[in-house]
Amino acid sequence: MTEPSSRPSTVRDASDRSPSPSAASDASATASDASATASDSTPASTPASSSDATFLTDFHHVATFGATDNDGVDRQALTLEDKQSRDWMRGWAEGNGFDVRVDAIGNMFACLEFVPDAPYVLIGSHLDSQPLGGRFDGAYGVIAALFAALRVKENVAESGQKPRFNIAVVNWFNEEGGRFAPSIMGSSVYAGLFDLDEMLAVEDLQGTSVAEALAAIGYDGTDTPPEAISYAEIHIEQGRILEREATDIGVVESSWYTQKLDIDVLGEQSHTGATAMADRHDALVAGSKIVLAVADVVNEFADEALVSSVGQHVVEPNSPIVVPRRVHMVADLRSSDPDIVKAARDSLHQQIANIALEHDITIKVEDFDVRGKLYFPETGVELAEKAVANEGLSIRRLETMAGHDSVAMNHRVPAVMMFVPSVDGVSHCEREFTTDEDMIRGLGVLTSVATELVNGELSEERGGDVWVGQSVAEARA
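Because the structure is predicted, anything quoted here is derived from the model rather than measured. (Residues numbered from 1 in each chain as written. Predicted model: local features only at pLDDT ≥ 70, side-chain atom pairs only at ≥ 80, totals over all residues. Heavy atoms only, no water.)

1. Here we look at the overall build of the chain
Right, so step 1: If you tally the helices and strands in the chain, you get 13 helices and 15 strands.
Right, so step 2: Across the 477 residues in the chain, those meeting the buried criterion constitute 56%.
Right, so step 3: Once local pairs closer than 6 in sequence are excluded, the contacts in the chain between residues at least 24 apart make up 80%.
Right, so step 4: Only carbon and sulfur atoms are counted for the fraction: they give 48% of the accessible area of the chain, which is about 19,400 Å². (Helix = DSSP H or I, 4+ residues; strand = E, 2+ residues; numbered from the N terminus. Buried < 20%, exposed > 50% of the residue type's maximum accessible area, 1.4 Å probe, protein only. Contact = heavy atoms within 4.5 Å. Areas by Shrake-Rupley, 256 points an atom, 1.4 Å probe, with all protein chains shown as cover.)

Written as structure tokens, this is what we have:
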């Protein structure tokens, strides 16, 4: 692995950076107000301009689907709000001459064919969000990809030069995993990392399956997805390195090792008033100690070497006058070093066993959603660096601590993953923010990278192999 530079290639003075969040918010609000007249989720059938201004108007319009009171979005996978954003993408793409396909797991592909029977360069991200999430995470990457592909189409028409490959913009299903676990579901099924039938059977906390939810909003597709030759994605950083260093673009060279622990704490239900304290087997008390153990395990390692959390709890029976009999939770462990995650896992197993003995209850722990450390191709990193340099911008190399669809795709085709700055480094919350200016810079870089990819860059990186997506009904057999 090439060590990331501690300094960006070209760093502009901090005073050259984009306006403050409040100033950019005003600009965002103006763009959102301008698009508010289009309350319908389906855009006009007339072709869109590929200008930066139109991009911003469309981005802020999509942010109205599932908008929250504090400038975020709540657009979890396969909800009515998700359907609105999907319908908008379908209408926009068809109005601009794209052929839209929906596969068996609900991934959407807006396809432009330049060369019959040639494979596709895929670019995109996801439109779903976390509960009370941010409006930039994922959606920025999809809408930027639509405009980048439209610009590629315009450039091909103007130059008269046919590219080697076709291009398709993808909205991956359920990247967030907030409603249906695991996350990064749609791209992982396409990449053959998750089984299609198993994912269709996954249920949310209300007992609705993925298959049922897809059918409910009309996105239980039967189309064959495009075959892929390469992949590119632009995303918000969700950290503060780029902002802190006043750097325009980050390019990802590797992803962190991650794993989850599925933890089931099984106590005994009893009366909160009549049961003596000594006779209780309280699953929630034991579960609370596990949460603290997960938070404290990071202290066994160097600073920032490991991150951990427990993000979901289910308490049963969840009655105010009943001692809880069961707590189900999912713990998340991540590090650049796989050995650190494995050591933290082993430490937690021992601590959890001790907690079970202390409270005379049963605690079941299973490994879940283990994802190995993965390196992005050096040629793809260099391609992004060249594109950024040609735009006159600054760039640095990064690792991604978060999971992304690009990580799943990187298993199958050469992938390029790029970041734009996140204000204050916050994400998965309503305060998530990226300036219009930074989004426009990222759009320009993505357009440059997509142009190089359709003209053949990276196509020989893995012997020219083409990936046939596994998210089709025939792949179920």
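Structure's up, so let's keep going.
2. Section: the packing of helix α11 (residues 378-390) against helix α13 (residues 436-454)
Right, so step 1: It is the contact of α11 with α13, at a shortest axis distance of 9 Å, that shows an interaxial angle of 125°. Between α11 and α13, the interaxial angle falls into the category oblique. As α11 runs across α13, the sense of the crossing is right-handed. Across the interface between the two elements, Leu383, Ala384, Ala387 and Val388 from α11 touch Val445, Ser448, Val449, Glu452 and Leu453 from α13.
Right, so step 2: A class-by-class count of the residues in the contact of α11 with α13 yields seven nonpolar, one polar and one charged. (Axes fitted to C-alpha atoms, helices over the stretch in contact; angles between N-to-C directions. Parallel < 35°, antiparallel > 145°, perpendicular 65-115°, else oblique. Left-handed = near helix turned anticlockwise from the far one by under 90°. Nonpolar A, V, L, I, M, F, W, Y, C, P; charged D, E, K, R; others polar.)

3. Some points on the sheet that holds strand β7 (residues 257-266)
In a beta sheet, neighbouring strands are held together by backbone hydrogen bonds and run either parallel or antiparallel to one another.
Right, so step 1: Taking strand neighbours across the sheet as the criterion, the four strands line up as β9-β11-β7-β12 in an open arrangement whose pairing is antiparallel. Two strands bound the open sheet, and with one partner strand each, they are β9 (307-316) and β12 (362-371). Here the strands of the sheet are splayed against their neighbours by 15° on average, with no regard to which way each runs.
Right, so step 2: Two strands pair when backbone bridges link them, and β9 and strand β11 (residues 326-335) are joined in this way by nine bridges, in the antiparallel orientation. For Glu316, the partnering residue across the bridge sits in β11 and is Arg326. (Pairing = 2+ DSSP bridges.)

4. Concerning the side chain of Arg397
Right, so step 1: Inspection of the secondary structure assignment puts Arg397 in strand β14 (residues 395-400).
Right, so step 2: Owing to a relative accessible area of 10%, Arg397 belongs among the buried residues under this scheme.
Right, so step 3: Within the structure, the side chain of Arg397 is placed 2.8 Å from the side chain of Glu378, a separation counted as a polar contact.
Right, so step 4: At 2.8 Å, the side chain of Arg397 and the side chain of Glu385 are in polar contact. (Polar contact = N/O pair within 3.5 Å; in protein donor to acceptor, adjacent residues only side chain to side chain.)

5. Some thoughts on α11
Residues that lie three or four places apart on an α-helix share one face, since the helix turns once every 3.6 residues.
Right, so step 1: Taking 1.5 Å per residue, 13 residues should reach 18 Å; α11 reaches 18 Å between its end C-alpha atoms and fits that length.
Right, so step 2: Every buried residue of α11 is accounted for by Gly380, Val381, Leu383, Ala384, Ala387 and Val388. Down the axis, α11 shows its buried residues gathered within 155° of arc, on one side only. Counted as exposed and oriented over 90 degrees from the buried face of α11: Lys386, Ala389 and Asn390. (Expected span 1.5 Å × (residues − 1). Arc of directions from axis to C-beta.)

6. Re the pattern of salt bridges
Two side chains of opposite charge can pair, provided their charged atoms sit close to one another.
Right, so step 1: The final tally for this structure, using the stated rule, is 23 salt bridges.
Right, so step 2: Asp346 is the partner of Arg345 in a salt bridge, and the nearest nitrogen-oxygen pair spans 2.9 Å.
Right, so step 3: Using a relative accessible area of 45% as the deciding quantity, one classes Asp346 as partly exposed.
Right, so step 4: Across the pair Arg371 and Asp369 runs a salt bridge, and its minimum N-O distance is 2.7 Å. Comparing Arg371 with Asp369 shows no difference in burial state: the two are buried.
Right, so step 5: Within the structure, one salt-bridge network assembled from shared partners comprises Glu253, Glu378, Glu385 and Arg397. (Salt bridge = Lys/Arg side-chain N within 4 Å of Asp/Glu carboxyl O.)

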